[in-house]
Amino acid sequence: QVQLVESGGGLVQAGGSTRLSCVASGRTFSRYSMGWFRQAPGKEREFVASISWSGGRTYYADSVKGRFTISRDNAKNTVYLQMNSLKPEDTAVYYCAAAVRIGVPLEYVYGYDYWGQGTQVTVSS
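Parameters at a glance
- Residues numbered from 1 in each chain as written.
- Predicted model: local features only at pLDDT ≥ 70, side-chain atom pairs only at ≥ 80, totals over all residues.
- Heavy atoms only, no water.
- Helix = DSSP H or I, 4+ residues; strand = E, 2+ residues; numbered from the N terminus.
- Rg over C-alpha atoms; globule rule 2.2 N^0.38 Å.
- Buried < 20%, exposed > 50% of the residue type's maximum accessible area, 1.4 Å probe, protein only.
- Contact = heavy atoms within 4.5 Å.
- Lys, Arg positive; Asp, Glu negative; His and termini not counted.
- Charge placed at Lys NZ, Arg CZ, Asp CG, Glu CD.
- Pairing = 2+ DSSP bridges.
- Axes fitted to C-alpha atoms, helices over the stretch in contact; angles between N-to-C directions.
- Core = buried A, V, L, I, M, F, W, Y, C linked by side-chain atoms within 4.5 Å.

Peer 1: I keep staring at the overall build of the chain and nothing clicks. Help me out?
Peer 2: Assigned secondary structure in the chain consists of zero helices and eleven strands. Listing every helix and strand of the chain by position from the N terminus yields β-β-β-β-β-β-β-β-β-β-β. In summary, the chain has a C-alpha radius of gyration of 13 Å against a globular reference of 14 Å for 125 residues, a match within 12%. Its C-alpha atoms put the chain at 40 × 25 × 25 Å along the principal axes. Counting every position in the chain, which comprises 125 residues, the buried fraction comes to 42%. Long-range pairs, those at least 24 residues apart, make up 56% of the contacts in the chain between residues at least 6 apart in sequence. Each charge class in the chain can be summarised by its mean position, and for the 13 positive and 9 negative side chains these summaries are 7 Å apart.

Peer 1: Help me understand the sheet that holds strand β8 (residues 78-83) in this model?
Peer 2: Note on sheets: strands pair through backbone hydrogen bonds, and any given pair is parallel or antiparallel. One open sheet holds the four strands; their spatial order is β1-β3-β8-β7, and the pairing between them is antiparallel. The sheet is open, and its two borders are formed by β1 (4-7) and β7 (68-73), each paired with just one other strand. Neighbouring strand axes in the sheet, compared pairwise and without regard to direction, differ in orientation by 15° on average. Inspection of the sheet shows β7 paired to β8 by six bridges, in the antiparallel sense. Bridge pairing in β8 places Asp-73 opposite Thr-78.

Peer 1: What exactly am I supposed to notice about the nonpolar core here?
Peer 2: As a rule of thumb, nonpolar side chains are buried together in soluble globular proteins. In terms of nonpolar packing, the biggest core is built from 33 residues, with Met-34, Trp-36, Leu-81 and Tyr-94 touching the most fellow members. When contributions to this core are tallied by element, the ones reaching two or more residues are β3 (18-24), β4 (33-39), β5 (46-51), β7, β8, β9 (92-99) and β11 (119-124). Sorting elements by how many residues they give to this core places β9 first, with six residues.

Following this line, the structure appears as structure tokens:
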């Protein structure tokens, strides 16, 4: 069992920055690929970014590419999402997720086995 706890976010002005953190329980965090998703009111949960177990491979949704950066610190069991140049359309609940299975597509919700409770990010214009 893996528990994920997100923190960070809050209210940010357009053009500003913030960093989300997600701390995982357990001793096998370094084996998992990790991802960030987001869900705005009335919309489906969508992929934001993912990172391989080693941190060597990262992927981003086109909508955040060049603005967001995903990273991880396996010694701290933590994955981060640095969010820069924020836009009002980035407003959503952000979730981190862990993929235990190998070879799953990391840009889809079904590729992940564990989810955090989410943290709200609101970008004001």
